[in-house]
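Take a look at the letters that make up each chain.
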Amino acid sequence: MPPPELPPLPALTRAEGELIDRYLEAADLLGRINPARPGDTYSGLRAAQALVRKAAELRDALALMHRRGETELHGDTLARALRVLDGERRTARVVLPPDGVG
């Protein structure tokens, strides 16, 4: 049985798509750095180094939106896009795990 089909990605401007992509990439890196999660310092260091670049790319995506006159973030639409792109799982690693779970 094939896996269930994902809902379609909502219509986004190119800049909104860049924002979502850069946000999720930064969240992935923050999850790798999370000191409440098991791991080694070297992989955390590498993720922190990459985060600097991703933060600049995230800033640039927001700056582009602003320059284009896209001054409002449409939270409902962007949240749907994040869910379709597995954002709930990807951002869950950024928060503290429940007590006793590492």
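Everything below is about the structure shown above.
Procedures and definitions
Residues numbered from 1 in each chain as written. Predicted model: local features only at pLDDT ≥ 70, side-chain atom pairs only at ≥ 80, totals over all residues. Heavy atoms only, no water. Helix = DSSP H or I, 4+ residues; strand = E, 2+ residues; numbered from the N terminus. Expected span 1.5 Å × (residues − 1). Bend = angle between axes of the 7 residues up to and from the residue. Buried < 20%, exposed > 50% of the residue type's maximum accessible area, 1.4 Å probe, protein only. Contact = heavy atoms within 4.5 Å. Polar contact = N/O pair within 3.5 Å; in protein donor to acceptor, adjacent residues only side chain to side chain. Core = buried A, V, L, I, M, F, W, Y, C linked by side-chain atoms within 4.5 Å. Salt bridge = Lys/Arg side-chain N within 4 Å of Asp/Glu carboxyl O. Axes fitted to C-alpha atoms, helices over the stretch in contact; angles between N-to-C directions. Parallel < 35°, antiparallel > 145°, perpendicular 65-115°, else oblique. Left-handed = near helix turned anticlockwise from the far one by under 90°. Nonpolar A, V, L, I, M, F, W, Y, C, P; charged D, E, K, R; others polar. Patch = residues over 30% accessible without salt bridge, like charges linked within 9 Å, V, L, I, M, F, W, Y side chains within 5 Å. Areas by Shrake-Rupley, 256 points an atom, 1.4 Å probe, with all protein chains shown as cover.

Asker: Please give an account of helix H2 (residues 41-67) that cites residues and values.
Answerer: With 27 residues, H2 should cover 39 Å at 1.5 Å per step; its first-to-last C-alpha distance of 39 Å lies within 8% of that length. Helix geometry: H2 is bent most strongly at Leu-51, by close to 25°. Every buried residue of H2 is listed here: Gly-44, Ala-47, Ala-50, Leu-51, Lys-54, Leu-58, Ala-61 and Met-65. Buried residues along H2 sit against helix H1 (14-33). The opening residue of H2 is Asp-40, an N-cap whose side-chain oxygen sits 3.1 Å from the backbone nitrogen of Tyr-42. Immediately beyond the C-terminal end of H2, within one or two residues, lies Gly-69, with a positive phi of roughly 90°.

Asker: Could you give an account of the nonpolar core, naming the residues involved and the relevant values?
Answerer: Counting nine residues, the largest nonpolar core is built from Ala-15, Leu-19, Ile-20, Leu-24, Leu-58, Ala-61, Met-65, Leu-78 and Ala-81. Looking at this core, the elements with two or more residues in it are H1, H2 and helix H3 (75-84). At four residues, the largest contribution of residues to this core is made by H1. Sequence-distant contacts of Leu-58, defined by excluding residues within four places in its chain, comprise Leu-19, Arg-22 and Tyr-23. Listed in part, the five residues of the second largest apolar core include Ala-26, Ala-47, Ala-50 and Leu-51.

Asker: Which residues make up the pattern of salt bridges, and what are the values?
Answerer: With the rule as written, the count across this model stands at ten salt bridges. The residue Arg-89 makes a salt bridge to Asp-86 at a minimum N-O spacing of 2.5 Å. Overlapping salt bridges bring together Glu-18, Arg-22, Glu-25, Arg-53, Lys-54 and Glu-57 as one network.

Asker: So, the packing of H1 against H3: which residues are in play, and what are the values?
Answerer: Packed helices, taken two at a time, are described by the angle their axes make and the gap between the axes. At their nearest, the axes of H1 and H3 sit 11 Å apart, and the two run at 50° to each other. With respect to H3, the element H1 is oriented oblique. Handedness of the crossing formed by H1 with H3: right-handed. Here H1 contributes Glu-16, Leu-19, Ile-20, Tyr-23 and Leu-24 to the contact with H3, which in turn contributes Leu-78, Ala-81 and Leu-82. Looking at the contact of H1 with H3 residue by residue, the classes come out as seven nonpolar, no polar and one charged.

Asker: I'd like a description of a nonpolar patch on the surface, backed by residues and values.
Answerer: Nonpolar side chains collect at one region of the surface, where Leu-30, Val-94 and Val-95 lie side by side and expose about 220 Å² of accessible area between them. With respect to the helices and strands, the residue Val-95 is situated in the segment after helix H4 (87-92).

Asker: Report on the packing of H1 against H2, specifying residues and quantitative values.
Answerer: Close contact between H1 and H2 brings their axes to 8 Å; oriented N to C, the two are set at 160°. Judged by the inter-axis angle, H1 sits roughly antiparallel to H2. The two elements H1 and H2 cross, and the hand of that crossing is left-handed. Residue classes in the contact of H1 with H2 are distributed as 16 nonpolar, two polar and eight charged.

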